[in-house]
Amino acid sequence: MKKALVAATLLLISVSAHAAVDLNNNAIYAKKGFSESWLTVLPPEGSGWVKIPAAREGRRIHICDLPIQGIPHHQFFSFTKYRPEEFTLVTDFEMTRQDLTDAQQPGIKLASIGINWEVFINGHSIRRQIYMSGGKITRDKYSFNVVIPLDMRHLKEGKNILAMKIIGDPSFKLTGLYRKGPYKIGDFDTLLKESSETIDFILISLYLTMGIYFIYLYFTRSESRFYLFYGIFSCVLCMYILSRSTMIGEIIPDSMYVRMIEHISLYMTIPLLGMMLDYFLFSKASLFSQIYISLCTLLSLADIILSQNISDDLLFIWQVFAPVPMVLYFYRLLRHGFMIDYCRIHLNNTMPASTAKSLMSLQATLLKSFSGNIVLGAAAALICASIDLTDAVFFSSGTFLTRYGFLVFIISIALVLSNRFTSMHRQTEILNDGLQSTINTMREANYRLALSEEKYRFLIDYSADFIFMLNEQGFITNASNAMIREFVLKTDSLQNHSFFDFIHAEDPARPMELDIAKAQFEELLQSGKPVKVKIKLQASNRSEPKDFNIHLERVVIEGNIQIMGKATHIVEDTMLSFFRSERQIYSINNYLISSEQMTQRIVRNATKYLPSHETDMLRVAIREILINAIEHGNLNITYDEKTAAMAENRYLEFIKERQNKPAYRDKKVTVEYMINEEKLVCKITDEGQGFDYTAMLSDEGTQEANSEMLPHGRGITMTRQIFDEITYNRKGNQVLLVKRFKKSSFSS
């Protein structure tokens, strides 16, 4: 227990020793002038220095606000320009022996400092940004979020002296430390991470991209003026965030010009936003917006022409009155946009009048209407802007929530404008389609023309794929040029051909191939779910059959059900050359469609080790065994029952009846297979009662099935001819199939 307490104590001591030193916790001394003798000691009390007490909540030190004798103080709207003077700020901080022996690189972070400045540690200069010539400042260089590495050789155990030399107009508010904090000493890398501007860079890129995009939209649709003002607003917002980042100092070295960019972009955000909302709500600019944007333009010009002190006074006036247009625009948005949509949605709500109905209508308006989306974004921007304005006027802590508030607003506006553009474009297309339909209706019968228009909208005559339409009976009603050429069809006699006539399979399996295809077709007609299947099609008796991926969808045109289809020729699987082995286990239901899909999945990689004709035979054999497991195993269909159903041409209906019976509908067929470069092993297990397989595996059984040319029942016989090993369990409800690959097949 004692050891644990000692370890915890040491840990706390270590953490506290390495914690950042908050310089706001120590008093700072300020004095007019500069001397190197002031850089290494803390000034004594009553020696002409002004003492600024510690402030744990942070403090800003404006030279113009300090009671230093002999310096002028700024008068509101005074055009007097004072010459720059030197000032010295001194404070101290403690360093322990552990801090000095720590391998980590220490650093100092200054939230702000200006106009020109130099920082010293124990009399050693660690950073200098002073631009003077002939007693005049040649370049303003106030900075914020400054992180400076400290040389361990300049530090000492115990008390260390931090001094700052500041040169600037004593009446200017940015002369000194104009933000409350943070001012601290800590790990250099940690301080750098705290000062990272990655988020600002992302926001700058986002706002600039959105601005350029919507300005481009305006030039393509010049009647939509809100695109123009939104685009300019987004670009101006980008410039404002850039002006408040340290990145702009690398582009524009003189902070005076950076200050102008910050003020002008700030002045123009609200009027541009107001113009955009006016054009969005009323398709024209209001008189108030025209007057306000003119006043802000004059403010921008005055900021360029007048001195920095006057510029700050103008900024203060703008900050005081900025909430007025912000609230006014928000009120107009609520009244002329949001409330109209709310009343419309509330009236269309069929619920009886109640608080719940009002809340549901309010939620629907906020989330589903254009004005509601804008209100959400505008509310976020308004709250963040109000907080920033309050901080700028009264606290100067450097908060910058506006960038996040306007991000929400930007996203909401972007969604609204994009949806509105899409909606207008869709309405235009609908109007054009309606006009075209009206013109065509005057020439031909309405129904046939509407049907033809929907057909040819889907069919792509120049596509290499076979694109076609079928009726409910499976007969071709329309086809693309590629399909007509391949199948040697005549346009005027398409309905004489059934799509099922082109399905190719080996003779023993042909009835089952057609049954599976028809079962999938019937499922599509009933459920409406799209069907995707792999089928071998043969264009004519003279051509070789080819594998196709078939995609079928059900559509209703003028009350009539049509089947849209596309057949794509299967090209070689490029990943097959990388295949080595696989092993899978599936439990499938009692549907013939599932047997076909399962078979395709089992043999899809066997083409690497077998020629295509052997792969086809392998697929047919496995499918026959799967169908036997479904029909005779799980569904308990006898040979005579199947023969009678096929004779009556109602086999699919008979299968469906068995599938829906409670005794059979939950049974599964388990398929486990493994394939590698040596062999394919497949184990198929049903939940049936099993059967006597010995007769079917004998040579007499094989000869009997072949000689009598039975319409079905030759699955096991076919399997014996294809697989090298066939092993049943004693019950007869599980079979193990083994197909070995010859080296010649593998090498080919």
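None of these values were measured; they are calculated from a predicted model.

S.K.: Any chance you could explain the overall build of the protein chain here in plain terms?
M.R.: Per the secondary structure count, the protein chain includes 24 helices and 24 strands. Buried residues in the protein chain amount to 48% of all 748 residues. Across the protein chain, the fraction of contacts at a sequence separation of at least 24, relative to all contacts at a separation of at least 6, is 68%. Split by element, the accessible area of the protein chain, about 38,900 Å² in all, is 57% carbon and sulfur.

S.K.: Where do I start with the sheet that holds strand β23 (residues 725–728) in this structure?
M.R.: Strand pairs in the sheet, formed through backbone hydrogen bonds, run parallel or antiparallel to each other. Read across the open sheet, the five strands follow the order β20-β21-β22-β24-β23; overall the sheet is antiparallel. The open sheet has two edge strands, β20 (582–588) and β23, and neither has a second partner. Neighbour to neighbour, the strand axes of the sheet diverge by 10° on average, direction disregarded. Of the pairings in the sheet, the one linking β20 to strand β21 (residues 669–675) comprises seven bridges and is antiparallel in character. Looking across to β21, one finds that R583 is bridged to M674. Along the sheet, helix α17 (residues 592–603) contacts β20, β21 and β22 (679–685); its crossing angle with β20, the most-contacted strand, is approximately 175°.

S.K.: Can you help me understand helix α8 (residues 287–305) in this one?
M.R.: Every α-helical turn comprises 3.6 residues, leaving residues that sit three or four positions apart pointing alike. For α8, which comprises 19 residues, the first-to-last C-alpha distance of 27 Å matches the rise-based estimate of 27 Å (1.5 Å per residue) to within 8%. Taken together, the buried positions of α8 are S289, Y292, I293, C296, L299, S300, A302 and D303. On its buried face, α8 sits against α7 (255–281), α9 (308–321) and α10 (323–348).

S.K.: Could you clarify how one ought to interpret the side chain of H263 in this entry?
M.R.: Examined against the element boundaries, H263 turns out to sit in helix α7. Of note is the side chain of H263, whose polar atom sits 2.9 Å from the side chain of S311. If we skip the residues at most four places from it in the chain, H263 touches D303, S311, D312 and L315.

S.K.: What is the right way to look at the pattern of salt bridges in this model?
M.R.: Any two side chains of opposite charge can pair, on the condition that their charged atoms come close. If you walk through the whole model with that rule in mind, you get 18 salt bridges. Measuring nitrogen to oxygen at the nearest pair gives 3.4 Å for the salt bridge that ties R344 to D341. Of this pair, R344 and D341 both sit in helix α10, three residues apart, roughly one helical turn. Accessibility expressed as a relative area gives 42% for R344, which makes it partly exposed. On the accessibility criterion, D341 (16% relative accessible area) is buried. For K642, the salt bridge goes to E631, with nearest N and O atoms at 2.8 Å.

S.K.: Just checking my understanding: could you explain a nonpolar patch on the surface for this structure?
M.R.: A grouping of F76, F77, F79, F316, V320, F321 and V324 is seen on the molecular surface, where their side chains present a nonpolar patch of about 710 Å² in accessible area. Structurally, the position occupied by F321 is in helix α9.

S.K.: What am I meant to see in the packing of aromatic side chains here?
M.R.: Ring pairs (aromatic) are described by centroid distance and by the angle formed between their planes. Summed over the entire model, instances satisfying the criterion amount to 17 aromatic pairs. An angle of 85° between the planes, with centres 4.7 Å apart, marks the rings of F214 and Y230 as edge-to-face. Taken together, the positions of F214 in helix α4 (residues 198–220) and Y230 in helix α5 (residues 225–243) put the pair 16 residues apart, joining distant regions of the chain. One exposure class covers both F214 and Y230, and it is buried. Aromatic pair Y218 and F219: ring centres 5.4 Å apart, planes at 65°, arrangement edge-to-face. For Y218, a relative accessible area of 14% translates into the label buried. For F219, a relative accessible area of 63% gives the class exposed. An aromatic cluster of three or more residues is present, and its members are Y213, F214, F226, Y227, Y230 and F280. For R139, the ring lying beneath its charged end belongs to Y131, and the centroid distance is 4.4 Å. R179 extends its terminal NZ or CZ atom over the ring of F144, reaching a point 4.5 Å from the ring centre.

S.K.: How should the packing of α4 against α5 be read in this particular structure?
M.R.: For any two helices packed against each other, the geometry comes down to the angle between their axes and how far apart the axes lie. Across the interface, α4 lies against α5 with an axial gap of 7 Å and an inter-helix angle of 160°. Relative to α5, α4 is oriented roughly antiparallel. Here α4 runs over α5; the crossing is left-handed. Within the contact between the two elements, α4 uses D200, L203, I204, Y207, L208, M210, G211, I212, F214, I215, L217 and Y218 and α5 uses R225, Y227, L228, Y230, G231, I232, S234, C235, L237, C238, I241 and L242. Its residues placed into classes, the contact of α4 with α5 shows 19 nonpolar, three polar and two charged.

S.K.: Would you mind going over the nonpolar core with me for this structure?
M.R.: In globular proteins that are soluble, nonpolar side chains generally tend to be buried together. Among the nonpolar cores identified, the biggest contains 57 residues, and Y207, F233, M276, W318, F406 and F409 are the most heavily contacted of them. At the level of elements, α4, α5, α7, α8, α9, α10, α12 (370–395) and α13 (402–441) are the ones that each hand at least two residues to this core. Beyond its immediate chain neighbours, meaning those up to four positions away, F233 contacts T269, L272, L273, F406, F409 and I410. Formed by 42 residues, the second largest nonpolar core is a distinct cluster that contains V603, V620, F723 and V735.

S.K.: Quick question: what am I supposed to make of the sheet that holds strand β6 (residues 106–113) here?
M.R.: Ordered by their spatial adjacency, four strands build an open sheet running β1-β14-β6-β11, and the pairing between neighbours is antiparallel. A single partner strand is all that each edge strand has here, and the edge strands are β1 (21–22) and β11 (143–149).

S.K.: Would you explain the pairing of strand β16 (residues 476–479) in this entry?
M.R.: Consecutive residues of a regular strand have side chains that alternate between opposite faces of the sheet. When strand β15 (residues 466–470) meets β16, the two strands line up antiparallel, connected through three bridges. Looking at the pairing, M469 lines up with N478 of β16. Where β15 folds back on β16, the antiparallel hairpin that results is connected by five residues, among which G474 adopts a positive phi of roughly 90°.

S.K.: Help me out: how do you make sense of empty space enclosed by the protein in this one?
M.R.: Empty space among the atoms becomes apparent when a probe as large as a water molecule is rolled across them. Scanning the model with the defined rule gives six cavities of 30 Å³ or more in all. Looking at the second largest cavity, its volume works out to about 70 Å³. Every residue along the wall of the second largest cavity is listed here: L470, F499, F500, A517, Q520, F521, V531, V533, I535, I550 and L552. Taken together, the elements giving at least two residues each to the lining of the second largest cavity come down to α16 (510–527), β17 (531–537) and β18 (546–557). Class assignment for the residues of the lining of the second largest cavity results in ten nonpolar, one polar and no charged.

S.K.: Teacher, can you tell me more about unusual backbone geometry here?
M.R.: Where the residue is not glycine, phi is negative for most of them; where a peptide bond is considered, it is trans in most cases. The omega torsion across G114 and I115 is 5°, close enough to zero to call that bond cis. Following the sequence through the fold, I115 ends up in the loop between β6 and β7 (116–121). Even without glycine at this site, N145 takes up a positive phi of about 55°. Among the secondary structure elements, N145 is positioned in strand β11. Using a relative accessible area of 26% as the deciding quantity, one classes N145 as partly exposed. Although it is not a glycine, S283 sits at a positive phi angle of roughly 65°. Note that S283 resides in the loop between α7 and α8. On the accessibility criterion, S283 (55% relative accessible area) is exposed.

Rules of the game
- Residues numbered from 1 in each chain as written.
- Predicted model: local features only at pLDDT ≥ 70, side-chain atom pairs only at ≥ 80, totals over all residues.
- Heavy atoms only, no water.
- Helix = DSSP H or I, 4+ residues; strand = E, 2+ residues; numbered from the N terminus.
- Buried < 20%, exposed > 50% of the residue type's maximum accessible area, 1.4 Å probe, protein only.
- Contact = heavy atoms within 4.5 Å.
- Areas by Shrake-Rupley, 256 points an atom, 1.4 Å probe, with all protein chains shown as cover.
- Pairing = 2+ DSSP bridges.
- Axes fitted to C-alpha atoms, helices over the stretch in contact; angles between N-to-C directions.
- Expected span 1.5 Å × (residues − 1).
- Polar contact = N/O pair within 3.5 Å; in protein donor to acceptor, adjacent residues only side chain to side chain.
- Salt bridge = Lys/Arg side-chain N within 4 Å of Asp/Glu carboxyl O.
- Patch = residues over 30% accessible without salt bridge, like charges linked within 9 Å, V, L, I, M, F, W, Y side chains within 5 Å.
- Phe/Tyr/Trp six-rings, centres within 6.5 Å; stacked < 30°, edge-to-face > 60°.
- Lys NZ or Arg CZ within 6 Å of the ring centre and 35° of its normal.
- Parallel < 35°, antiparallel > 145°, perpendicular 65-115°, else oblique.
- Left-handed = near helix turned anticlockwise from the far one by under 90°.
- Nonpolar A, V, L, I, M, F, W, Y, C, P; charged D, E, K, R; others polar.
- Core = buried A, V, L, I, M, F, W, Y, C linked by side-chain atoms within 4.5 Å.
- 1 Å grid on protein atoms, 1.4 Å probe; cavity = no way out; pocket = protein on both sides within 12 Å on 5 of 7 lines; lining within 4 Å.
- Points joined across faces, edges and corners; volume = space filled by probe spheres on them.

By themselves, these observations are geometric and do not establish any function.
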